[in-house]
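Chain residues, written in single-letter form:
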4 protein chains.
Amino acid sequence: MGGNSFGTAFKVTTWGESHGRAVGVVVDGVPAGLSLSEKDIQRELDRRRPGSSRVTSPRRELDRVEILSGVFRGKTLGTPISMLVWNRDVDSRPYELIKRKPRPGHADLTYWLKYGHVDYRGGGRASARETVGRVAAGAIAKKLLGLKRVEILGHTIEAAGVSVGREIKPAQIKRYAEKNEMRCADPKTAKKMLQAVLDAASRGDTTGGVVEVIALNVPAGLGEPVFDKLDADLAKAMMSIGAVKAVEMGAGRDFSTMLGSEANDPISVRRGRIVTLTNKAGGILGGISTGMPIRVRITVKPPSSIRKPQTTVDLETWKETELKLAGRFDPNLCPRVVPVAEAMMAIVLADHMLRAGIINPNQV
Amino acid sequence: MGGNSFGTAFKVTTWGESHGRAVGVVVDGVPAGLSLSEKDIQRELDRRRPGSSRVTSPRRELDRVEILSGVFRGKTLGTPISMLVWNRDVDSRPYELIKRKPRPGHADLTYWLKYGHVDYRGGGRASARETVGRVAAGAIAKKLLGLKRVEILGHTIEAAGVSVGREIKPAQIKRYAEKNEMRCADPKTAKKMLQAVLDAASRGDTTGGVVEVIALNVPAGLGEPVFDKLDADLAKAMMSIGAVKAVEMGAGRDFSTMLGSEANDPISVRRGRIVTLTNKAGGILGGISTGMPIRVRITVKPPSSIRKPQTTVDLETWKETELKLAGRFDPNLCPRVVPVAEAMMAIVLADHMLRAGIINPNQV
Amino acid sequence: MGGNSFGTAFKVTTWGESHGRAVGVVVDGVPAGLSLSEKDIQRELDRRRPGSSRVTSPRRELDRVEILSGVFRGKTLGTPISMLVWNRDVDSRPYELIKRKPRPGHADLTYWLKYGHVDYRGGGRASARETVGRVAAGAIAKKLLGLKRVEILGHTIEAAGVSVGREIKPAQIKRYAEKNEMRCADPKTAKKMLQAVLDAASRGDTTGGVVEVIALNVPAGLGEPVFDKLDADLAKAMMSIGAVKAVEMGAGRDFSTMLGSEANDPISVRRGRIVTLTNKAGGILGGISTGMPIRVRITVKPPSSIRKPQTTVDLETWKETELKLAGRFDPNLCPRVVPVAEAMMAIVLADHMLRAGIINPNQV
Amino acid sequence: MGGNSFGTAFKVTTWGESHGRAVGVVVDGVPAGLSLSEKDIQRELDRRRPGSSRVTSPRRELDRVEILSGVFRGKTLGTPISMLVWNRDVDSRPYELIKRKPRPGHADLTYWLKYGHVDYRGGGRASARETVGRVAAGAIAKKLLGLKRVEILGHTIEAAGVSVGREIKPAQIKRYAEKNEMRCADPKTAKKMLQAVLDAASRGDTTGGVVEVIALNVPAGLGEPVFDKLDADLAKAMMSIGAVKAVEMGAGRDFSTMLGSEANDPISVRRGRIVTLTNKAGGILGGISTGMPIRVRITVKPPSSIRKPQTTVDLETWKETELKLAGRFDPNLCPRVVPVAEAMMAIVLADHMLRAGIINPNQV
């Protein structure tokens, strides 16, 4: 029973396998009258494209998005927006190997267990290529958020054991995060991260890390308790990204050792607006946005495809066997996860702004 | 736009304010023919009831559940099951204070911002009392899971800075977790935890912690990529619990510093069944259950109601003011979160077992 | 897999069996700040109550509604509103007969086929008593619609072969429909209808009819093509009422013999507002409201419980057998369907006004 | 707030404007392992294609479907199936006229009222071309139904005032319905219908009619009371088709003049299976399928585009004006509605077979 849609008012349905004909997305619920062009989408897609750094896999895709519906003369129509990107640089031969041998840490095994019939080529639907649709939808969500001056910023704060170790201000993220291959907003740390990632890669191994995503100028009042809380929906959105294994809101994991008197953000008034003087809550209380910046951290596991030999099972002989992979792999996923996590944040916020009536659902 | 329902095939809708007439839940999607009595529900509700330990608030509620529909002669009918618990021990006077002064760290402020008109009595809908409905629904989910021998175990693994510091085996959780006020499966650590919690409480302060929930005998193949992945739905379910600020699957946050060769669980065969030799993934790969135990950790923040004076805003004068709370409060939420987190895990698993066709949706 | 919820933004979940402890409803998605009391609900419930005329069954229920949540000091809170009515006048003995013998034309057979385990008492969940929840939810929807001056009017236009035979003006419906047992807005026809209904009843038989529901002052722009069109949602809402077997929008069935030049409503301007000069479309074009009155007709089949002997099967011996019913039955359902159909119309319109952003979903 | 998805377990999302780049659909929830090729889809699309008879518009589209995802080596993968058809024969010039002048009876007016910014070319999203996606999705649904030998048959039973006037047996529908331009299963009546349709067309006018859709071998137990009843979902599905203004189940509108003793279908046993001896109910009781054939009739209004002059409003001058249309139009929609109505019936049944656990949702 399909689970390929996300959102209630801003509804995203992605489709496509890594080595199928194309990958794409349908976005339903975008109000009419929003300026939108393929350039708006392409800008975001270019950020997630593989082959753009030493940290990511060398797959070469131009990833030209095509908008097939929902836009007329540069404006949205209020009808569903269908977008796709053709798959071109597809070499399925390296994957013949894993047809019978599921890769440890990968979805190969569970897709086989669930569906029987599996597209083993390039990870099929479980490939990171699936995120093309998320990023394209997120680009539309960002345009919508822009109407209310909401901004989304993502950056890598830890990779291969190297951490920035302190909170980074939004201005610094804007200035530096996109300037290096790690998408780390602290240039010095970025260099160390990259070195640590490449060191592990040179040993045939991969590394994990942590990505932070921030939303600025978020209106207060977003989130629908008690289940569709803003943080609950963000948690689902983030955890649905492949390789993400932990989601933290605000101070997150660190709340476990705080006292209440440390954890509570004092409330005050600044320029006629209610604010909190600190923001450990990460901009959300009781599942509803406070108006302070929203802050989410996600842990990204090391890519499961490694060159080191691993133990697995041959699905035909039903015996233990050794698996030794070749082919193109990512040494670290953080920089590529950044635009995807931003997209998911944008989608959740656009959805809740529509649900809360802050954006008119018919026309903007 | 209401967000008080959870689940697709096993649908839970909770309702009720802390000091309203009652709290309750409607569960839709339970197949016909399941044995169910009020005793099955009561057992779980008794575990979450306040007033049962020094760690939780002294509110005294008998919390007698009444099943109003969906069950006839001890069997479910396939129709919605409506359950409620009357609110009796309601003293709203202490809350007059916060009518104008939102408590830092609490939902008071955001409910006021979102809804204008607010039930300030006892936290209203944002109160932990809302979880009565979750636990009652979870009790039905557990009965359904029992048909497939799936078991759910929850326990406190860290509180007030005191941690068990190692993985606890299921047998030990079953034996010890319910035997102490902290619901910690290591009796020695439990004592230290309790002491640390009470120490902080004696200074008018509260403490956080970490709760782990495990599911055993989970069939492989649960979870619907790419958005309704099993871990994504678990993340939403857990983050929707008040006070939860982080959700980790399997090794969770620790994946950030692992190498791929450490993170991947080798695949093998044991007794004619495919298994992984370790379980860092926490029983889920690519959003689909592997058949290994599911392991989720959640970080619980310190309760926001503390006796220490705090800075807030008077919503009438619009000026900063000091808030000094009295009344009944929880020093630490972990032990009470345990049955709620178990309930949410049970609900998610029942939902996905129905979605995957593993439980027949018409009759069992 | 439960189907007991209706609506996207204004979400109604009903529960309860005819001879269970109670019947009720949870309404999620009502904005905060709406004036609401039990009197508002009771007024509508009193209209659907059985025992109020010779046309309906003599079951005597006071049907006192209790609001259990979501309202504080006469205003809605933005949280779910739970309401119930206790079942009191329950005599299950006459139903022992049908435990093994499904009534022709009734849901007995299909519930047994689907769920196995069945509540045969009083029709269980398939009883008209289930509509208590619909009418209570509809009363809230009507309050919301009242904010925009939208009015809903229902009346019987045909029963037992006696038809009013012409379009009735809203003013006449308001004046006369509630004044007679048939809820027919033409007093003369009402008398003939009643006589025809009672004649058939005296022969142990039942009769069908047609009910019309109209909405006035509906804003243009409601409805979400291409599936959640306003008429599509109305069709589902109406067809989900027990005994309804046909739904017609505007001229409905009569469109089949019209020419395009007869069917099209000319468009014009009146008092600075675009109108259609006729309204064969029934206020909806392309699934979106035009601003003209919405007009729906539903065909109500004769109640299946008749006193005449009928052929059925004994579910134990698996042999054909004769069924001869006693007990309390309705000779004609139209007058009781009127408030239910109004409620469903109100629910659909409230849902779409929230979806279209015409009512603010957070607070009114 | 988008309404372009239909279904719960078998989820269909259509997209595309008449004169945009393409029209298409994503189908989510198809189990893995189903044999599926573009030929399966094409066969159904060819049936709905315009330009194939004198009754339908002369637009010439090859309408070649492309499956872009979800199928690998002739079998479904359990992942979403994305399909599209490119728009080629697009001549938007005739539509410049209606840019300012909404056509009476058409969606032009309401789209303009709702969305402001409108695609007036060829009806945009409100065009019958949108049904390409429905028919493509329906073709997959039919394949799924075929696994359980469920068959869907559609035919025209009335057009331009000419009616077949009696119930047609399934065998006759199979033999004759696809053999004439009206899709009428009675060859003699078909000729008269066609003549009446062409007569009106020669006078610049259009005609309405009635289409019947039947499902054979439907398993008992489909439908989820009390809102997602099988007939309620069918009513929504059918009413969501453009130009449909009435939906009748079984005897439908005729129930209004029946007595209960006429309306009830006697229950009996034939070949060890419970049956009803007549089928006035149309195969559904209490919202659940009985196992008898499902029978739905829909009224199709005359196409709103006529050559006769009509009164409308100039949206710029805000004055009444005359509209005289040229271009390619359909004289009667019934034959083209047949495959669309079949598709919607198939989608609803596939959805409910998955919901009821009759088809395994993971793999077939």
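Residues numbered from 1 in each chain as written. Chains lettered and ligands numbered in written order. Predicted model: local features only at pLDDT ≥ 70, side-chain atom pairs only at ≥ 80, totals over all residues. Heavy atoms only, no water.

Scanning chain A from terminus to terminus reveals 8 helices and 18 strands. Scaling as 2.2 N^0.38, a compact globule of 364 residues should have a C-alpha radius of gyration of about 21 Å, and chain A matches this with 21 Å. Expressed along its principal axes, the backbone C-alpha trace of chain A runs to roughly 70 × 50 × 35 Å. Expressed as a percentage of contacts within chain A between residues at least 6 apart in sequence, the contacts between residues at least 24 apart total 73%. Only carbon and sulfur atoms are counted for the fraction: they give 49% of the accessible area of chain A, which is about 11,400 Å². Both charge centroids of chain A, one from 56 positive and one from 39 negative side chains, sit 4 Å from each other. (Helix = DSSP H or I, 4+ residues; strand = E, 2+ residues; numbered from the N terminus. Rg over C-alpha atoms; globule rule 2.2 N^0.38 Å. Contact = heavy atoms within 4.5 Å. Areas by Shrake-Rupley, 256 points an atom, 1.4 Å probe, with all protein chains shown as cover. Lys, Arg positive; Asp, Glu negative; His and termini not counted. Charge placed at Lys NZ, Arg CZ, Asp CG, Glu CD.)

Before going further, it helps to examine the side chain of T189(B). Mapped onto the fold, T189(B) is located in helix 5 (residues 187–202). Each residue touching T189(B), except ones within four places of it in the same chain, is listed here: V162(B), S163(B), V164(B) and C184(B).

The subject of this paragraph is the relation of the copies chain D and chain C. Each copy of the sequence occupies a distinct position, and chain D is placed on chain C by a rotation of 180° and an axial shift of 0.0 Å, giving an RMSD of 0.0 Å. Classification of the inter-copy transformation places it as that of a two-fold axis. Relative to the rotation axis, the closest C-alpha in chain D is found at K236(D), a distance of 2.4 Å. (Least-squares fit on C-alpha atoms with pLDDT ≥ 70 in both.)

Right, let's get into the relation of the copies chain B and chain C. For the pair chain B and chain C, the superposition axis carries a translation of 0.0 Å, the fit reaches an RMSD of 0.0 Å, and the rotation angle comes to 180°. Of the interface residues in chain B, 98% have counterparts in chain C that sit at the interface too, so the contact is made through matching surfaces.

Taken together, the contact pairs 103 residues of chain D with 103 residues of chain C. Roughly 8,000 Å² is buried in total at the junction of chain D and chain C, and carbon and sulfur atoms are behind 62% of that figure. When residues of chain D are sorted by the area they lose upon contact with chain C, F227(D), K245(D) and I267(D) head the list and together hold 10% of the total. With a closest N to O distance of 3.0 Å, E224(C) and K114(D) form a salt bridge. Across the contact surface, chain D and chain C share 53 residue pairs in polar contact (both at pLDDT 80 or more). Top contributing element to the side of chain D that touches chain C by residue count: helix 2 (residues 108–115) of chain D, with 7 residues. (Buried area = accessible area lost by both parts, 1.4 Å probe. Salt bridge = Lys/Arg side-chain N within 4 Å of Asp/Glu carboxyl O. Polar contact = N/O pair within 3.5 Å; in protein donor to acceptor, adjacent residues only side chain to side chain.)

Attention now moves to the environment of G327(B). Residues and elements named next belong to chain B. Note that G327 resides in the loop between strand 18 (319–323) and helix 8 (334–355). Residue G327 is classed as partly exposed on the basis of its relative accessible area, which comes to 35%. Between the C-alpha atom of G327 and that of P102, which follows or precedes it by 225 residues, the distance is 15 Å. (Buried < 20%, exposed > 50% of the residue type's maximum accessible area, 1.4 Å probe, protein only.)

Here the focus is the interface of chain B and chain C. Contacts between the two partners involve 51 residues from chain B, matched on the other side by 50 residues from chain C. Both sides of the chain B and chain C interface together cover about 4,100 Å² of buried area, and 56% of this is carbon and sulfur. The interface formed by chain B and chain C holds 2 salt bridges in total. For R21(C), the salt bridge identified is with E66(B), shortest N-O distance 3.1 Å. Applying the counting rule to chain B against chain C returns 16 residue pairs in polar contact (both at pLDDT 80 or more). Put simply, the parts of the chain that give the side of chain B that touches chain C at least two residues each are strand 2 (11–15), strand 3 (22–28), strand 4 (66–67), strand 6 (75–76), strand 7 (81–86) and helix 2 (108–115) of chain B. Grouping the constituent residues of the side of chain B that touches chain C by class yields 18 nonpolar, 20 polar and 13 charged. (Nonpolar A, V, L, I, M, F, W, Y, C, P; charged D, E, K, R; others polar.)

Turning our attention to the pairing of strand 17 (residues 310–314) of chain B. Residue and element names in this part refer to chain B. For strand 17, the tally of buried residues reaches 4 of 5 residues, placing the bulk of the element in the interior. As paired strands, strand 17 and strand 18 are joined by 5 bridges and run antiparallel to one another. By the bridge assignment for strand 18, D314 is matched with K319. Between strand 17 and the antiparallel strand that follows it, strand 18, lie 4 residues; W318 among them carries a positive phi value of about 65°. (Pairing = 2+ DSSP bridges.)

Residue and element names in this part refer to chain A. Over its 16 residues, helix 5 (residues 187–202) runs 22 Å from end to end, which matches the ideal 22 Å to within 8%, given 1.5 Å per residue. Among all positions in helix 5, only T189, A190, M193, L194, V197 and A200 are buried. Along the axis of helix 5, the buried positions cluster into a sector of 135°, meaning they face one direction only. Looking at helix 5, the residues exposed on the side facing more than 90 degrees away from the buried face are K188, K191, K192 and S202. Buried residues along helix 5 sit in contact with strand 8 (151–159) and strand 9 (162–163). Just beyond helix 5, the residue with positive phi is G204, at close to 80°. (Expected span 1.5 Å × (residues − 1). Arc of directions from axis to C-beta.)

Residue and element names in this part refer to chain A. Under the criterion given, the structure shown has 12 aromatic pairs over all chains. Each ring, one from Y111 and one from Y115, has its centre 5.5 Å from the other, and the planes form 55°; the classification is tilted. Of the two residues, Y111 and Y115 are both situated in helix 2 (residues 108–115); the distance of 4 residues between them amounts to about one turn of the helix. Both residues of the pair, Y111 and Y115, belong to the buried class. (Phe/Tyr/Trp six-rings, centres within 6.5 Å; stacked < 30°, edge-to-face > 60°.)

Turning to the environment of S37(B), a few remarks are in order. In this structure, S37(B) sits in the loop between strand 3 and helix 1 (38–48). It is 25 Å that separates the C-alpha atoms of S37(B) and P335(B), two residues lying 298 residues apart in sequence.

Attention now goes to the sheet that holds strand 11 (residues 244–249) of chain A. Through backbone hydrogen bonds, the strands of a sheet pair up, either in parallel or in antiparallel fashion. What the 10 strands build is an open sheet, ordered 9(A)-8(A)-10(A)-16(A)-11(A)-11(B)-16(B)-10(B)-8(B)-9(B); its pairing is antiparallel. With partners counted over all chains shown, the strands left at the sheet margins are strand 9 of chain A together with strand 9 (162–163) of chain B, one partner each. Looking at chain direction, strand 8 (residues 151–159) of chain B and strand 9 of chain B are connected through 2 bridges and run antiparallel. By the bridge assignment for strand 9 of chain B, A159(B) is matched with V162(B). Of the strands in this sheet, strand 10 (209–216), strand 11 and strand 16 (294–300) of chain A together with strand 11 (244–249) of chain B touch helix 6 (residues 230–239) of chain A, which is tilted by about 160° from strand 11 of chain A. (Axes fitted to C-alpha atoms, helices over the stretch in contact; angles between N-to-C directions.)

In this section: the pattern of salt bridges. Any two side chains of opposite charge can pair if their charged atoms end up close together. Tallying each qualifying case throughout the model produces 116 salt bridges over all chains. With a shortest N-O distance of 2.9 Å, R129(D) and D63(D) are connected by a salt bridge. Of this pair, R129(D) sits in the loop between helix 2 and helix 3 (131–146) while D63(D) sits in the loop between helix 1 (38–48) and strand 4 (66–67), and the two are 66 residues apart along the sequence. Of the residues examined, R129(D) reaches a relative accessible area of 4% and is grouped as buried. Of the residues examined, D63(D) reaches a relative accessible area of 3% and is grouped as buried. One network of salt bridges, with partners in common, ties together E44(A), R47(A), K142(A), E178(A), R183(A) and E342(A).

Here chain A shows a mean pLDDT of 94. Residues at 70 or above account for 96%. In the predicted complex, the global pTM is 0.97; the interface-specific ipTM is 0.97. (pLDDT = per-residue confidence, 0-100.)

Across the junction of P225(A) and V226(A), the peptide omega takes the value 5°, indicating a cis bond. Within the secondary structure, V226(A) is located in the loop between strand 10 and helix 6. In this structure, R149(C) is a non-glycine residue whose phi angle is positive, near 60°. Positionally, R149(C) belongs in the loop between helix 3 (131–146) and strand 8 (151–159). What makes R149(C) exposed here is its relative accessible area of 59%. Of note, R183(D) is a non-glycine position whose phi angle comes to about 55°, a positive value. Structurally, the position occupied by R183(D) is in the loop between helix 4 (170–176) and helix 5 (187–202).

This part covers the packing of helix 1 of chain D against helix 8 (residues 334–355) of chain D. Residues and elements named next belong to chain D. Direction vectors running N to C along helix 1 and helix 8 enclose 145°, while the axes themselves pass 8 Å from each other. Two secondary-structure elements touch here, helix 1 through E44, R47 and R48 and helix 8 through R336, V338, P339 and E342. Looking at the contact of helix 1 with helix 8 residue by residue, the class counts come to 2 nonpolar, no polar and 5 charged.

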